[in-house]
Amino acid sequence: MPQVVVRSWVPVEPELAFAVSQTQGEVRLRWDPFIRHQQLVDADRPAKGVRTVTRTRLGLGMVSEYASYRPPTSVGMTMLQGPWFFERFGAGWRFAPEDRDGVPGTAASWKYTYTVRPAWLRPVAEPIGQWLLGREIRARIAAFSAACDDDVVLASARADLGA
C-alpha cells in the first residue's frame, strides 16, 4: 500500500504535542487546515475504538475509528466509510522526545497509508494520491507545528492534560 510520511520537530514535550494533536472543536478548527467539521461519536474524549465523523475543507466525508490511542507516543486511525476512491485509508501519528541544539522538544512523524479503487485505476491514481495527500499532510503538520506555538491551542491542550 502506498504511504505518505512527513516529519516535524516542535519545542514542546511529547505529552503536550500529543495533546495538541488531539484537540477538538473550535480549537482544532483553529489550527487544522484539513478539517471543516469533526465530531466524536458517542464519546467525550478520543480513545481506542472511538469513532469520528469528519468533513474535510474539500467537502469529503469520512467515518473513522481510533485503532490505537497511546498518549503520549502514538495514535492511529482507520477509515470505516469514506470517499469512493479509497478502498482503505489509515493514518498514524507518532511523537518521540528529541532535543535540538539543547532545546527539549518532540519529533512528530505523521503517516497516511491508502489503497485506491478500482484496482485498474491504481497505476494512474496512486501517483496523484501521493502528490495530493503529500501536499495535504505537509500543510497539516506545518499547521500542527505552528499550533505548538499558539497560546490558545496550548492552553486548551494543557487543560485537556489536566482533565
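Residue numbers restart at each chain and count upward from 1, following the sequence in its written direction. Totals for whole chains, interfaces and linings use all residues, but because this is a predicted model, local features are given only for residues with pLDDT of at least 70 and pairs of side-chain atoms are given and counted only at 80 or more. With hydrogens and water excluded, all non-hydrogen atoms of the structure serve as input to the side-chain values.

Colleague: Lay out the side chain of D32 with the relevant residues and their values.
Modeller: Secondary structure elements are defined from DSSP: runs of H or I of at least 4 residues count as helices, runs of E of at least 2 residues count as strands, and each element is numbered from the N terminus. When you line up the elements, D32 lands in the loop between α2 (25-31) and β2 (35-41). Pairing of N or O atoms within 3.5 Å defines a polar contact, subject to two protein rules: one partner must be a possible hydrogen donor and the other a possible acceptor, and residues neighboring in sequence count only if both atoms are side-chain atoms. At 2.9 Å, the side chain of D32 forms a polar contact with the side chain of R140. Contacts are assigned to residue pairs with any non-hydrogen atoms lying within 4.5 Å of each other. For D32, the contacting residues outside a window of four places in its chain are R57 and R140.

Colleague: Requested: an account of unusual backbone geometry, with residues and values cited.
Modeller: What you tend to see is this: most non-glycine residues have negative phi, and most peptide bonds are trans. For the bond running from P71 to P72, omega is 0 degrees, close enough to zero to count as cis. By the secondary structure assignment, P72 is in the loop between β4 (61-70) and β5 (74-81). Backbone torsion omega between R117 and P118 reads -5 degrees, so that peptide bond is classified as cis. Mapped onto the secondary structure, P118 falls in the loop between β7 (106-116) and α3 (122-147). Unusually for a residue other than glycine, D42 sits at a positive phi of about 55 degrees. Looking at the element boundaries, D42 is found in the loop between β2 and β3 (51-56). Classification of D42 by relative accessible area gives exposed; the value is 79%. Notably, D101 is not glycine yet its phi reads approximately 50 degrees, a positive angle. A 1.4 Å probe rolled over the protein chains alone gives each residue an accessible area, and that area as a share of the maximum for its type sets the label: buried under 20%, exposed over 50%, partly exposed in between. According to the relative accessible area criterion, D101 is exposed, its value standing at 85%.

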